[in-house]
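# Fold and contact review
One-letter residues, chain by chain:
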Amino acid sequence: MKPATHKDNSSAIAYDASLMDAPGVEFFNVDYWRSQQALAGEAVGRGSAWFIESPHGPVVLRRYLRGGWAAKLSRQAYFYTRVSRSRPFREFHLLAALSDRGLPVPRPVAALCQHRGLLSTGAIMTARIASARTLADLLSAGSMAEGSWARVGQCIRSFHQAGVWHADLNARNIMLDSGLKVYLIDFDRARYHPATVVSGEGNLKRLKRSLIKLWPAQRSSEMAAAWTELRVAYDE
């Protein structure tokens, strides 16, 4: 990919120049895509994500929304210092670096930082992973194929060995495609230290907590076996 940046007085857009010319702000507007009859669906969690059939292929558009106590002040606004430190730009360039390194992440397409005074808002667009479902959805449907947990453990290990710490590793930020390839998504606030093997215990504890919430209590022995498979593969 070929990262590039377009700036004006109140906004900045990072984009993959190998895919497109510099897009306008409307590229990140859901109503624009709706008017183009290109809106394919929506997923709502802490943030909002829309599935779009863009001229550059199927993509996911995600707005940055705050949670916790900060959301009481504003759901969308963040303190602004400079464009390069904005969350959309940091995630875009991190995904570009990880994608170039061959790690299984969604390819970044474009990111928007709009700023005014001390506040900014933003969004990011990534390529949609074909035929993929989240780990949470697969668990809910009882559709985990044999060997999937080992693949998840191996995938997480590859990120930690590459120096990547995920800020929110939970069952909704892990995806498996139809060929059982595992991806990690949502790298907002992630950290990357290329020359360091990071400790993954915090990430694994976060993931295990999210699985406990999703797994029915009467199937706890099944979860224990799945977690053992994941952990053995991670530790190999």
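Attention here is on the structure that accompanies the text.

What follows covers unusual backbone geometry. Positive phi values are uncommon outside glycine, yet Gln37 reaches one of about 55°. Its place among the elements puts Gln37 in the loop between α1 (30-35) and β3 (39-44). Although it is not a glycine, Leu180 sits at a positive phi angle of roughly 65°. Considering the arrangement of structural elements, one finds Leu180 in the loop between β11 (174-177) and β12 (182-184).

This part covers the pattern of salt bridges. Inspection of the entire model under this criterion finds nine salt bridges. The salt bridge involving Asp31 is made with Arg34; its shortest N-O contact spans 2.6 Å. Of the two residues, Asp31 and Arg34 are both situated in helix α1; the distance of three residues between them amounts to about one turn of the helix. For Glu201, the salt bridge is made with Arg231, and the minimal N-O distance between the two is 2.6 Å. Highlighted residues: Glu201 in helix α5 (residues 201-214) and Arg231 in helix α6 (residues 220-235), separated in sequence by 30 residues. A relative accessible area of 34% places Glu201 in the partly exposed class. Among the charged side chains, a salt-bridge network with shared partners connects Arg62, Glu91 and Asp186.

Attention shifts here to the layout of surface pockets. Put simply, the second largest pocket is a space of about 310 Å³. For the second largest pocket, the lining is made up of 20 residues, of which Arg85, Ser86, Arg87, Pro88 and Arg90 are closest to its centre. Listing elements by their share of the lining of the second largest pocket, those giving two or more residues are β6 (78-79), α2 (87-100) and β8 (119-127). Of the residues forming the lining of the second largest pocket, the biggest block, five residues, is contributed by α2. Residues of the lining of the second largest pocket, tallied by class, amount to eight nonpolar, five polar and seven charged.

What follows concerns the nonpolar core. Phe159, Ile174, Phe187 and Leu211 are the most contacted members of the largest nonpolar core, which totals 43 residues. Contacts of Leu211, omitting those with residues within four sequence positions, involve Leu135, Leu139, Trp149, Ala171, Met223 and Trp227. Grouped together as the second largest cluster of nonpolar side chains are 18 residues, Trp50, Ile52, Val59 and Ala110 included.

Between its first and last C-alpha, α5 extends 20 Å over 14 residues, near the 20 Å set by a 1.5 Å rise per residue. Residues of α5 that are buried: Asn203, Leu204, Leu207, Ser210 and Leu211. When α5 is viewed along its axis, its buried side chains cluster within an angular range of 125° and face the same direction. Exposed side of α5, more than 90 degrees from the buried face: Lys205 and Lys213 are the residues found there. Contacts made by the buried residues of α5 are with α3 (135-141), α4 (148-161), β10 (164-165), β11 and α6.

Here strand β2 (residues 11-16) lies mainly inside the structure; six of its six residues are buried. Where burial is concerned, the two faces of β2 agree: the one with Ser11, Ile13 and Tyr15 and the one with Ala12, Ala14 and Asp16 are both buried. When strand β1 (residues 3-7) meets β2, the two strands line up antiparallel, connected through five bridges. In the strand pairing of β2, Pro3 is matched with Asp16. The turn linking β1 back onto β2 is made up of three residues. Here β2 pairs with strand β7 (residues 108-116) via five bridges, running antiparallel. Bridging from a neighbouring strand, Tyr15 pairs with Ala110 of β7.

Packing of α5 against α6 brings their axes to within 12 Å, and their N-to-C directions diverge by 160°. Compared by their axis directions, α5 and α6 come out roughly antiparallel. Every pair of crossing elements has a handedness; the one defined by α5 and α6 is right-handed. Touching Glu201, Leu204, Leu207, Lys208, Leu211 and Ile212 of α5 are Met223, Trp227, Leu230, Arg231 and Tyr234, all from α6. Here the contact of α5 with α6 is built from residues that sort into eight nonpolar, no polar and three charged.

Rules used in this analysis
Residues numbered from 1 in each chain as written. Predicted model: local features only at pLDDT ≥ 70, side-chain atom pairs only at ≥ 80, totals over all residues. Heavy atoms only, no water. Helix = DSSP H or I, 4+ residues; strand = E, 2+ residues; numbered from the N terminus. Salt bridge = Lys/Arg side-chain N within 4 Å of Asp/Glu carboxyl O. Buried < 20%, exposed > 50% of the residue type's maximum accessible area, 1.4 Å probe, protein only. 1 Å grid on protein atoms, 1.4 Å probe; cavity = no way out; pocket = protein on both sides within 12 Å on 5 of 7 lines; lining within 4 Å. Points joined across faces, edges and corners; volume = space filled by probe spheres on them. Nonpolar A, V, L, I, M, F, W, Y, C, P; charged D, E, K, R; others polar. Core = buried A, V, L, I, M, F, W, Y, C linked by side-chain atoms within 4.5 Å. Contact = heavy atoms within 4.5 Å. Expected span 1.5 Å × (residues − 1). Arc of directions from axis to C-beta. Pairing = 2+ DSSP bridges. Axes fitted to C-alpha atoms, helices over the stretch in contact; angles between N-to-C directions. Parallel < 35°, antiparallel > 145°, perpendicular 65-115°, else oblique. Left-handed = near helix turned anticlockwise from the far one by under 90°.

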